[in-house]
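# Breakdown of the fold
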Amino acid sequence: MDAPLELTGLSGFYNGQRVLGPLSFTVNPGERIALVGSSGAGKSTLIRLIHDRVNDTAALVPQELGLVNALPVFHNVYMARLDQHSALYNLATLIRPFRKDRAEVTGILERLSMGEKLWKPSASLSGGQRQRVAIARALYREADLLLADEPVSALDGPMANLVMTLLQERFSTFVVALHDVELALDHTTRIIGIRNGKIALDAPSRDLTPADIRPLYD
Amino acid sequence: MLRWPNVPMSHSRTARTSLMFVAVALACLAVSDIAITTSNPWKDLLQFFLGVVTPDFFSSEGLATALLRTVAFAFVGVTIGALSGFLLALVYRIRIVRTFCAFIRAIHELFWALIFLQFFGFHPLTGVLAIAIPYAGIFAKVYSEILDQVDPEPRNLLPVRTGVFSAFIYARIPDCWEQIRTYTSYRLECGLRSSAILGFVGLPTLGFYLESSFSQGFYSEAGAVLILFYVLIATIPLWVRPKLLPLYVIASPFFLGDGMPIIWGNVKRFFTEDIVPAPLRTGYGSEEFWPWITDLVVNQALPGIWNTLVLTQIALVATGLVTLLAFPLISRHFGNRVSRTGGHVLLVIARSTPEYILAYILLQLWGPSMLPAVVALALHNGGIIGHLIGRQTNGIRLRPDAPKGVLRYGYELIPRVYPSFLAFLFYRWEIIMRETAILGILGIYTLGFYVDSAIQNIQFDKAIILILITAMLNIGIDSLSRRIRSRLALQTMPTC
C-alpha cells in the first residue's frame, strides 16, 4: 500500500438504526491496526465497511470464513487467485492442480501446520483448521492490505501467535479485529478501541498497557 | 345434564385448511361418478393377481427390446432435459424464462408425445422430446432453487476481476453438487416411469407391451411386464453407478431404435394448417369462429375442467388419507422388523407403479368411472408421501414413557409430522392435477379425454387449445398451492 487510506463518514445500520459511526480515521502505509472492543461494539461491521471501500486491494478474512465446504483445502486457498488465470486454467485446476500452484499452496499450509490436510474437504476440518484455511487463502491472495475479523479466535496461544507473526510478515499494513488484548499489543502498531459504535481509544500500541484497554470491555 | 361443550373453531390454520379441503372433497364426491361397472370385478382382479404371480417372461421376444428402449428413452430424455434445465436455471431470474419453464412443465409428457406424434410420427425424437421438454422445465426450477441456497460468502470473497465462469465452478457448484446429483438421479427414476408409460401412446417401451397383453387378457404376460418394471426401478442403485453413467449417456442414443422416418411435409402442415382453428383456416373468419370456439368451450373445455377439478380434489384428499394410513407401516415407532419390511415392499410397489398404469389396470377390472383414477392416484402419491413421512418419523426420538399405539400416533407423531405432510401433499397437488388430466386418455371424462378425442377426430386445432387450457389450469393450481404453502409456512423439497 503506497498512499494513506482515508476513511471518512463510516456508518453502519441495522434494521434502520445506526449501530456504528459516523466515524473517520486514516490507515497509513505500514500501520498494523487492531480493532478492540466488547462483542457487539461494531468491530465486524467496521471491517465490512472498510472492505466495501477498498474492495479488491484488500485480502479479507471474515468471521464466517466463507469456505466452500465441498472443496478440498487446496482449492479453497487457490480461490484467492482465480482472477490471475484463465477460465480454462481454473477448470483444469479444479480437476487436477498444476505442480507450481500445488507447491506454492503447500508451502503456505505447511507454515500453518496444515500441510497434510491439502486434499481434505474443508467440511471435514475442525474449527481451528478451518480458520487456518481462511488465513492461508488471505496469505495467498495478491493484496497488500489485510482486513481480518477475529482471525485467530479458534486457535490456541502458540498457534495464534504464529499466525499473527505470519500475517505481520506478509502484510505490512492490516486492520484486524481482535478480542485478545495481549495479542493485539504484541503484534500491532496502533490500537483503535470501539465502544457503542464510536472510537473510544486511538493510540500507538507501544504507549498502551492492558489496563488502558480494559475499560472498553466494562 | 351434560351439555355439548362450547368448542371453538380450531385456531390452527393448518387444521382449518385441512378441514376445508376435506369438505370440498366430500362435496366433489357427491357430484362425482364413482362406480364399479363391470359385472365381475373381483373375479377379474383375482385373475390379474394370478397373472402377476405366474409371470411369463418368454411369451414375446419383444419384451427385452422394450426394456432396452424404456431405459434408452429415459436416459436420452432426462440427459437432454437436465442439460437444458441447467442452462435455463442460470437465467431463471428472468421473468420470461420462468414463465416459459412453468408453461413447458405444465404440459404432461403424454400430451407432448401426442403432439409430436402428429408430425414426427413414431420417430425416436417424439419420445425423447416428450420427456426432455417437460423435464427441462422442472429441472430449471429445482436447479435454480438449489443454486440460490448456496452460501454467497465465498463468492463475495473472490477477487473482483474473477471471471463469471471461474467464480461459478468454484464458489457455487461445489457446495450444491451433491444436491444436484441426488435430485438428478431421482429424476432419472421418474424418467423411467415416464418412458414406460409413453408406450401407451404407441412408442416401443414397456407400456406398449403392458397394454397389448392386458387388452388381450394375457395376464401372465402383463404380470411379467410389471415385474420387470419393478425390478428395473428397484435395482437402480445397482446398475446406475457414477462410473457407468457416462457410458449409459453416450450409448443410449444408439438404442432408441429407428422408428419411422420423419416426413418433413407433415411438420410444416401441422404448424401452418392443422393447428390453425378450422374456421380461420377455411377463410370464413370471425362469424364462423365464434360458434366454433363457443362449442369447444361449452361442450369440451368446461366439462373437462369441471371433471378434472372434481377428480383432483377427491384424489388429493384420498392421497392424504392413504399417506396417514401408510406411513406407520414403515415407521420404527410401530410394529416389528417383519411388519416394517412388509410395509416397505408395499410402499415401494405403490410408488414405483406409475399412476397411469395403475389406473389403466383398475379401469380394465372395474370399468369406466372416476373410481379407478382416484384409487390409482391415491395409492401412487400416498405411497410416495407415506415413504417420506415414515422416514421422517424414524428420526424422531420420543421420551421413554411415551404412549404406544393409537395414542402415540395421534398425540406424538401426527402433531410433529403434520406440517411436512401438508407441505408434500400441497406440493403434489399440481402433479395430481396434471395426472388427472392425462388419465382422461384412458376414458375418464377429464381434459385428457377431450384432447384425445379431438386428436382421434383429427382436430388438432381443438386439441392444442385444450392442451393449453390444461397447462393454464396446472399453472393456476401451482401458484395457488405455493400461496397456501407460504401462508401456512410450509417448506419442502420437490418430489416427482
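What counts and how
- Here the residue numbering is sequential within each chain, running from 1 through the sequence in written order.
- Throughout, the order in which chains and ligands are written sets their labels, letters from A for the former and numbers from 1 for the latter.
- With the structure being a predicted model, the display of local features is reserved for residues of pLDDT at least 70 and the display and counting of side-chain atom pairs for 80 or more, all residues being used for whole-chain, interface and lining totals.
- Here the side-chain values reflect all heavy atoms present in the structure, with hydrogen atoms and water set aside.
- Numbering of helices and strands runs from the N terminus; a helix is a DSSP stretch of H or I covering at least four residues, while a strand is a stretch of E covering at least two.
- Only C-alpha atoms enter the radius of gyration; for comparison, a globular chain is expected to reach 2.2 Å times N to the power 0.38, where N is the number of residues.
- Burial classes: relative accessible area under 20% of the type maximum marks a residue as buried, over 50% as exposed, and values in between as partly exposed (1.4 Å probe, protein chains only).
- Contact between two residues is taken to exist if any of their heavy atoms lie within 4.5 Å; hydrogens are not considered.
- To measure how exposed things are, a 1.4 Å probe is used in the Shrake-Rupley method; for residues, cover is taken only from the protein chains shown.
- Under the convention used here, Asp and Glu are negative, Lys and Arg are positive, and both His and the chain ends fall outside the count.
- Here the site of a charge means NZ on Lys, CZ on Arg, CG on Asp, or CD on Glu.
- UniProt positions are given in the numbering used here, feature names are shortened, and annotations may be inferred rather than shown by experiment.
- Pairing between strands requires that DSSP locate at least two bridges from one strand to the other.
- Domains are outlined according to an automatic or database domain assignment.
- Once two parts are brought into contact, the accessible area they lose, counted with a 1.4 Å probe and summed over both, makes up the buried area.
- Think of a salt bridge as a Lys or Arg side-chain nitrogen and an Asp or Glu carboxyl oxygen that are within 4 Å of each other.
- As used in this structure description, the phrase polar contact means that two N or O atoms lie within 3.5 Å; if the pair is within protein, one of them must be able to donate a hydrogen and the other to accept it, and residues adjacent in sequence are counted only when both atoms belong to side chains.
- Residue polarity follows a fixed list, in which Ala, Val, Leu, Ile, Met, Phe, Trp, Tyr, Cys and Pro are nonpolar, Asp, Glu, Lys and Arg are charged, and the others, Gly among them, are polar.
- Stacked, edge-to-face and tilted labels apply to pairs of Phe, Tyr and Trp rings (six-membered ring for Trp) whose centres lie within 6.5 Å, assigned for plane angles under 30 degrees, over 60, and everything in between, in that order.
- Criterion for a charge above a ring: Lys NZ or Arg CZ within 6 Å of the ring centre, and within 35 degrees of the ring normal.
- A score from 0 to 100, pLDDT tells how confident the predictor is in each residue.
- Axes here refer to lines fitted to C-alpha atoms; in helices the fit is confined to the stretch in contact. Angles between the N-to-C directions go from 0 to 180 degrees.
- Every angle not falling under 35 degrees, over 145, or within 65 to 115 is termed oblique; those three ranges are roughly parallel, roughly antiparallel and roughly perpendicular.
- Whether a crossing is left-handed or right-handed is set by the direction in which the near helix is turned from the far one by less than a right angle, anticlockwise for left-handed and clockwise for right-handed.
- Residues are called lining when one of their atoms sits within 4 Å of a cavity or pocket point, these points coming from a 1 Å grid over the protein atoms alone, where a cavity is a set in which a 1.4 Å probe fits but cannot get out and a pocket is an open set with protein on both sides within 12 Å along at least five of seven lines.
- Grid points are joined across faces, edges and corners, and a volume is the space filled by probe spheres set on the points.

## Observations regarding the overall build of chain A
Counting its secondary structure elements, chain A contains 8 helices and 8 strands. At 18 Å, chain A has a C-alpha radius of gyration in line with the 17 Å of a compact globule built from 218 residues. Considered along the principal axes of its C-alpha atoms, chain A spans approximately 50 × 35 × 35 Å. Buried positions account for 54% of the 218 residues belonging to chain A. Look at the contacts in chain A between residues 6 or more apart in sequence, and 64% of them connect residues 24 or more apart. Within the structure as shown, chain A displays about 9600 Å² of accessible surface, and the carbon and sulfur contribution to it stands at 49%. Here chain A holds 23 positive side-chain charges and 24 negative ones, and the gap between their average locations is 6 Å.

## Examining the UniProt feature "domain: ABC transporter" (unreviewed entry) in chain A
Feature annotation in UniProt assigns "domain: ABC transporter" (unreviewed entry) to the following positions: residues 5-216 of chain A. The span residues 5-216 of chain A shows a helical share of 37% and a strand share of 25%, and its end C-alpha atoms are spaced 25 Å apart.

## Focus on the pairing of strand β3 (residues 32-36) of chain A
Residues and elements named next belong to chain A. Extensive coverage of β3 is indicated by the burial of 5 of its 5 residues. The side-chain alternation of β3 yields two buried faces, one formed by Arg 32, Ala 34 and Val 36 and the other by Ile 33 and Leu 35. Both β3 and strand β6 (residues 173-177) contribute to a ladder of 4 bridges, which runs parallel. Considered in β6, the bridge of Leu 35 is made with Ala 177. As defined by bridge partners, β3 adjoins strand β7 (residues 190-195) across 4 bridges and the pair is classed as parallel. Among the inter-strand pairings, Leu 35 is bridged to a residue of β7, identified as Ile 192.

## Thoughts on the domain arrangement of chain B
Residues and elements named next belong to chain B. According to the domain assignment, chain B consists of domain 1 (15-54 + 284-496) and domain 2 (68-258). Centre-to-centre separation of domain 1 and domain 2, based on C-alpha positions: 22 Å. Each partner contributes residues to the interface: domain 1 has 42 residues there, and domain 2 has 35 residues. When domain 1 packs against domain 2, close to 3500 Å² is buried across both sides, 75% of that on carbon and sulfur atoms. In this assembly, domain 1 and domain 2 are joined by 0 salt bridges. Our count for the contact surface shared by domain 1 and domain 2 stands at 7 residue pairs in polar contact (both at pLDDT 80 or more).

## Observations regarding the domain arrangement of chain A
How large an interface is tends to be reported as the accessible area lost when its parts come together. Residues and elements named next belong to chain A. Its domain assignment divides chain A into domain 1 (1-58 + 144-218) and domain 2 (69-142). Buried surface at the junction of domain 1 and domain 2, both sides included, amounts to about 1200 Å², of which 57% is carbon and sulfur. Looking at the side of domain 1 facing domain 2, the largest losses of area belong to Met 159, Leu 166 and Arg 170, adding up to 35% of the total buried there. Summed over the shared surface of domain 1 and domain 2, the number is 1 salt bridge. Connecting domain 1 to domain 2 are 7 residue pairs in polar contact (both at pLDDT 80 or more). A per-element tally of the side of domain 1 that touches domain 2 places helix α6 (residues 157-170) first, with 7 residues. Its residues assigned to classes, the side of domain 1 that touches domain 2 shows 12 nonpolar, 1 polar and 4 charged.

## Considering the packing of aromatic side chains
This model, assessed by the stated rule, comprises 36 aromatic pairs over all chains. Taking 5.3 Å as the distance between ring centres and 90° as the angle between the ring planes, the aromatic pair formed by Phe449(B) and Tyr450(B) counts as edge-to-face. For Tyr450(B), a relative accessible area of 13% gives the class buried. In this arrangement the basic side chain of Arg81(A) is found over the ring face of Tyr140(A), its NZ or CZ atom lying 3.9 Å from the centre. The side chain of Arg170(A) reaches across the aromatic face of Phe171(A), ending 4.4 Å from its centre.

## A closer look at the confidence of the model for chain B
Keep in mind that low pLDDT regions are not for reading the predicted coordinates in detail. Overall, the prediction assigns chain B a mean pLDDT of 88, with 96% of residues at 70 or greater. Two summary scores accompany this predicted model of the complex, namely pTM at 0.84 and ipTM at 0.88.

## A look at the side chain of Ser213(B)
All names here are of chain B. With respect to the helices and strands, the residue Ser 213 is situated in helix α9 (residues 206-215). Its relative accessible area of 1% is what places Ser 213 among the buried residues. Among the polar contacts listed, one links the side chain of Ser 213 to the backbone oxygen of Tyr 209, at a separation of 2.6 Å. For Ser 213, the side chain forms a polar contact with the main-chain oxygen of Leu 210, separated by 3.3 Å. If sequence neighbours within four positions are ignored, Ser 213 has contacts with Phe 218, Glu 221 and Ala 222.

## Points about the interface of chain B and chain A
Taken residue by residue, the interface counts 15 residues in chain B and 27 residues in chain A. With both chains or domains summed, chain B and chain A bury close to 1800 Å², and 64% of this area falls on carbon and sulfur atoms. Counting across the chain B and chain A interface gives 1 salt bridge. Two residues, Arg48(A) and Glu153(B), come together in a salt bridge whose shortest N-O distance is 2.7 Å. Summed over the shared surface of chain B and chain A, the result is 7 residue pairs in polar contact (both at pLDDT 80 or more). Only α7 (153-157) and α8 (164-197) of chain B provide two or more residues apiece to the side of chain B that touches chain A.

## A short note on the packing of helix α5 (residues 109-120) of chain B against helix α13 (residues 264-274) of chain B
Packed helices, taken two at a time, are described by the angle between their axes plus the distance between the axes. Residue and element names in this part refer to chain B. Between α5 and α13, whose axes approach to 7 Å, the crossing angle comes to 125°. By the criterion of interaxial angle, the relationship of α5 to α13 is oblique. For the pair formed by α5 and α13, the contact residues are Ile 115, Gln 118, Phe 119 and Phe 120 on the first element and Trp 264, Asn 266, Val 267, Phe 270 and Phe 271 on the second. Broken down by class, the residue content of the contact of α5 with α13 amounts to 7 nonpolar, 2 polar and no charged.

## Comments concerning the packing of α5(B) against helix α21 (residues 460-487) of chain B
Residues and elements named next belong to chain B. At a minimum axis separation of 11 Å, α5 and α21 run at an interaxial angle of 155°. What the angle tells us is that α5 and α21 run roughly antiparallel. For the element pair α5 and α21, the recorded crossing hand is left-handed. Taken together, the residues of α21 that come into contact with α5 (itself represented by Phe 111, Ile 115 and Gln 118) are Phe 460, Ile 464, Ile 467 and Thr 470. The residue inventory of the contact of α5 with α21, partitioned by class, reads 5 nonpolar, 2 polar and no charged.

## Topic: empty space enclosed by the protein
Tallied over the entire structure, the rule returns 4 cavities of 30 Å³ or more. A volume near 100 Å³ is recorded for the second largest cavity. Lining the second largest cavity are Ala59(A), Leu60(A), Gly66(A), Met79(A), Ala80(A), Arg137(A), Ala138(A), Arg141(A), Pro154(B), Leu157(B), Leu158(B) and Pro159(B). Breaking the lining of the second largest cavity down by element, the ones donating at least two residues are β4 (58-61) and α5 (127-140) of chain A together with α7 of chain B. When its residues are assigned to classes, the lining of the second largest cavity shows 9 nonpolar, 1 polar and 2 charged.

## Some remarks on the pairing of strand β1 (residues 5-14) of chain A
Residue and element names in this part refer to chain A. Inspection of the sheet shows β1 paired to strand β2 (residues 17-27) by 7 bridges, in the antiparallel sense. Its bridge partner being in β2, Tyr 14 is matched across the sheet by Gln 17. Remark: 2 residues form the turn of the hairpin made by β1 and β2, two consecutive strands paired antiparallel; Asn 15 in that turn has positive phi of roughly 50°.

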